[in-house]
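So the chains spell out like this:
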Amino acid sequence: MSIDLLIHSAAQLLSLTGDAPKRGAAQGDLAILRDGAVAISGEHIVAVGDTLDLLALADARTRQIDARGKIVLPGFVDAHTHAVFAGDRANEFEMRLQGASYLQIQKQGGGIMSTVRATRAASLDDLIAPSRARLDAMIAHGTTTAEVKTGYGLDTANEIKMLDAIAALDAEHSIDLIPTFLGAHVVPEEFKGRAEEYVSLVIEEMLPAVRRMKDKGGRMKEPSPLFCDVFCDDGAFTLDQTRRILTRAKELGFGLRLHADEFANLGAAALAAELGAASADHLMVTRREEMRAMAQANVVAVLLPGTTFGLGKTNFADGRAFVEENVAVALGSDLNPGTAWCESMPFIIALACRYEKLTPAQAIVAATINAAASLGIAARVGSLEPGKLADIIVANVPDYRHLAYRFGANPVETVIKRGRVIPPKSSSLPLDARSSQAI
Ligand code: NIG
Ligand code: FE
C-alpha cells in the first residue's frame, strides 16, 4: 500500500482511540504517543505509531509533514452549531450590553425571529455565501466535522431551503456537515398566541416533509444520521410540546437532540433521558439527579460555554459534575448570530476548562471523540486510528495543555481533511471575495 501523507515526529500525538464516548475516569483519556506518527493513504488513516516505524513505510512519493515540537490530534467535531443563517444581530448585542436580556429582546420581536426574517428573505445562494465564510473560519481553527441546525426558516419551504443550503455546503466544502432539523426553535411571529397550531404544523407537515427529503437520499456527502432538535425553554417550547414533537420524530426515525436548561429548567434533560436522545445540549441549570438519568440512558451532554460567555453570563454548565456523574461530555460552539458567534473550538476548549471545570484532556476528548459519538459518527471520525478518516490537526504548541492554556490566537497550523492538506486562506481578503471561493 502506498502512503500518500506521513505526519511524523510529533512531540505528542493524541490518538484518543475508540468508537465509544469516553465518560467518567475515561473522559480525559487522550492515549498520547510521544514522537508519534500517522500514515495516510487516500482519505483514510492506515497506521499510527512511532516515528521510526512509520518512516519505514514512506517512499519517494510520500508527502511528509514534520511535526517536531508540535502536537497532532484528530480534527475537532463541533457537536452543535447554527452555522447557516443570514444577517447578523450586532444591534442586539449592544442592547444586551445596555441591560436588555436575551428573552426581553425576543419578546419585543427581535432575537431568533429577526434572523428568521433575514433567512426567509435570502435566496439559497445568499444563504450559502455567508455560511461558507463561517465554515472557512471553522476549518482554519481545526473543525473538520460540524453539526448544523435549521431553525431560521420556521415554515416548511424555508426549513427545506436551510436543509438544501446545508447539503450544498456539505457537498462543496471540505468540512463534513451533519444536519439537524430544528423547526421547533421558536414559535414564529405569524403563529403568535397559536403555539399549539405551530406544534401541529411541525408534527404533521414539517417532520414528514424532512423525512421524505432524507428518503430521496443522496444529498449529504456520506450517509449520515438525521436529527431533530427542539428548543425547550422559557420563550420557546414547553416540556409537553417538546415531548410530542420528539416522540413523533423518533417514530419517523430521527435521532434526537435537545436545547435543554439554557435559561430555565423545564425538565428537558430528564426528557432527553426518557426518550433516549443522542444528546442534551446547554445544560446550564441541570440538577444532579437529571445528570444521573442522562448517564443511565447514555445521553451525551453537549456543553456550550461560548453561549454563556457570549451572553455575558456567568452560570456556566458544571462540566465536572457531569463527569462525576458518569455522563459523557462533548463540546460545541453553538455558532449562531444571537448568543455565540464563535467559529473557534480552541476558544471553546479554553472556556470549558476555566468555567466548566474540565481538564484540558477532558475538554479535548469532549471536542473530538465524544462530539463524534453524540452525532453517531464515532466509527468514522474523532480519533486517530487505522480505518478512520484522515481528519487531523497539527497545532503549533509543544503540549496538549497549551490548547486550553492559551487563548485568542489560533494554535492550529495545518488541517488535514480526508487526507488532503487544506490550504490556508488569506484573512486579509474582503469577506465577499473570500467567501466566493470554496475550499
Ligand atoms: O443555542 N437557544 C436557542 N438557540 C440558540 C440561539 C439562537 C439565536 O439566538 O439565534 C442557542 O443559544
Ligand atoms: Fe443552539
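Counting starts from 1 at the beginning of each chain's written sequence and moves along it residue by residue. Key to labels: chains lettered from A, ligands numbered from 1, both in the order written. Restriction of local features to residues with pLDDT of at least 70 applies here, the model being predicted, together with a cutoff of 80 or more for giving and counting side-chain atom pairs; totals for whole chains, interfaces and linings are based on all residues. Hydrogens and water molecules were not included; the side-chain quantities draw on all heavy atoms of the structure.

### Some points on the pairing of strand S16 (residues 392–395)
Burial classes: relative accessible area under 20% of the type maximum marks a residue as buried, over 50% as exposed, and values in between as partly exposed (1.4 Å probe, protein chains only). Each helix is a run of H or I in the DSSP string that is no shorter than four residues. Each strand is a run of E no shorter than two, and both are numbered from the N terminus. Neither face of S16 is left uncovered, since the one carrying Ile-392 and Val-394 and the one carrying Ile-393 and Ala-395 both have all their residues buried. By definition, two strands form a pair when at least two bridges between them are found by DSSP. Relative to strand S17 (residues 412–417), S16 runs antiparallel, the two sharing four bridges. Bridge pairing links Val-394 to Thr-414 in S17.

### Focus on the site of ligand 1
The criterion for a residue being near a molecule or strand is simple. One of its heavy atoms has to lie within 4 Å of it. Near ligand 1 you find 16 residues, and of these Arg-89, Tyr-102, Tyr-152, Glu-262 and Asp-334 are the closest. His-82 places a polar side-chain atom, nitrogen or oxygen, 3.4 Å from an oxygen atom of ligand 1. Distance and chemistry together define a polar contact, namely a pair of N or O atoms within 3.5 Å, with one atom able to donate a hydrogen and the other to accept it when in protein, and with adjacent residues in sequence counting only for side-chain atoms on both sides. The side chain of Arg-89 places a nitrogen or oxygen atom 2.7 Å from an oxygen atom of ligand 1. Methods summary: accessible areas were calculated by the Shrake-Rupley approach with a probe of 1.4 Å, and residue burial reflects only the protein chains presented. Its free accessible area being 330 Å², ligand 1 has 100% of it covered by the protein chains. Two kinds of site are reported from a 1 Å grid over the protein atoms alone, namely cavities, where a 1.4 Å probe fits but cannot get out, and pockets, open sets with protein on both sides within 12 Å along at least five of seven lines, and residues are called lining when an atom falls within 4 Å of a point. Assignment of a molecule to a cavity or pocket requires that more than half of its atoms lie within 2 Å of the corresponding grid points. In this structure, ligand 1 is accommodated by the largest cavity. Gly counts as polar in this scheme, as do all residues outside two lists: the nonpolar Ala, Val, Leu, Ile, Met, Phe, Trp, Tyr, Cys and Pro, and the charged Asp, Glu, Lys and Arg. Class assignment for the residues of the shell around ligand 1 results in four nonpolar, nine polar and three charged.

### Quick look at the side chain of Thr-150
By secondary structure assignment, the location of Thr-150 is in the loop between strand S9 (143–149) and helix H6 (156–172). Look at Thr-150 and you get buried, because its relative accessible area is 0%. At a separation of 2.4 Å, a polar atom in the side chain of Thr-150 contacts the side chain of Glu-159. Beyond its immediate chain neighbours, meaning those up to four positions away, Thr-150 contacts His-82, Glu-159, Met-162, Leu-163, Ile-166, Thr-180, Phe-181, Leu-182 and Gly-183. The contact rule is simple, with two residues in contact once any of their heavy atoms fall within 4.5 Å.

### Let's talk about the pattern of salt bridges
Take a side-chain nitrogen of Lys or Arg and a carboxyl oxygen of Asp or Glu: if they are within 4 Å of each other, that pair is a salt bridge. Overall, the coordinates contain 29 salt bridges when judged by the stated rule. A salt bridge links Asp-240 to Arg-244; its shortest N-O distance comes to 3.1 Å. Within this pair, Asp-240 and its partner Arg-244 are both found in helix H8 (residues 239–251), separated by four residues, close to a single helical turn. Using a relative accessible area of 31% as the deciding quantity, one classes Arg-244 as partly exposed. Across the salt bridge formed by Glu-325 and Arg-288, the nearest N and O atoms sit 3.0 Å from each other. Of this pair, Glu-325 sits in the loop between helix H12 (319–324) and strand S15 (329–331) while Arg-288 sits in helix H10 (residues 288–296); the two residues are 37 residues apart in sequence, bridging distant segments of the chain. On the basis of relative accessible area, Glu-325 is assigned to the buried category, the value being 15%. Each of Glu-43, Asp-176, Asp-391, Lys-417 and Arg-418 takes part in a single network of salt bridges with overlapping partners.

### Concerning the domain arrangement of the chain
Note that the domain bounds reflect an automated or database-derived domain assignment. We note that the domain assignment places domain 1 (5–74 + 383–435) and domain 2 (76–374) within the chain. Computed from C-alpha coordinates alone, the two centres of domain 1 and domain 2 are separated by 27 Å. Each partner contributes to the interface: domain 1 provides 40 residues, whereas domain 2 provides 38 residues. Here domain 1 and domain 2 share an interface that buries about 3,000 Å² over both sides, 62% of which is from carbon and sulfur atoms. In this structure, the connection of domain 1 to domain 2 is made through two salt bridges. Buried area counts how much accessible surface, traced with a 1.4 Å probe, disappears from two parts once they are put together, with both parts' losses summed.

### Notes on helix H9 (residues 268–275)
Most of H9 is tucked away: six of the eight residues are buried. Inspection of H9 places Ala-268, Ala-269, Leu-271, Ala-272, Ala-273 and Leu-275 among the buried residues, and these make up the whole buried set. The inward-facing, buried residues of H9 contact strand S11 (227–232), H8, strand S12 (255–260), strand S13 (279–282) and H10. Following H9 by one or two positions, Gly-276 has its phi on the positive side, about 70 degrees.

### Description of the sheet that holds strand S8 (residues 76–78)
Reading across from one edge, S8-S9-S10-S11-S12-S13-S14-S15 is the order of the eight strands in this open sheet, with parallel pairing throughout. Where the open sheet ends on each side, the last strands, each with one partner, are S8 and S15. Going from strand to strand, the sheet's axes swing by 25 degrees on average, the running direction of each strand aside. The pairing of S13 with strand S14 (residues 300–303) spans three bridges and is parallel. Opposite Ala-280, over in S14, you have Ala-301 as the bridge partner. Here H6 sits on the sheet and contacts S9 and strand S10 (176–184); the angle it forms with S10, its principal contact strand, is near 170 degrees. Throughout, an axis means a line fitted to C-alpha atoms (over the contacting stretch in the case of helices), and angles, computed between N-to-C directions, take values from 0 to 180 degrees.

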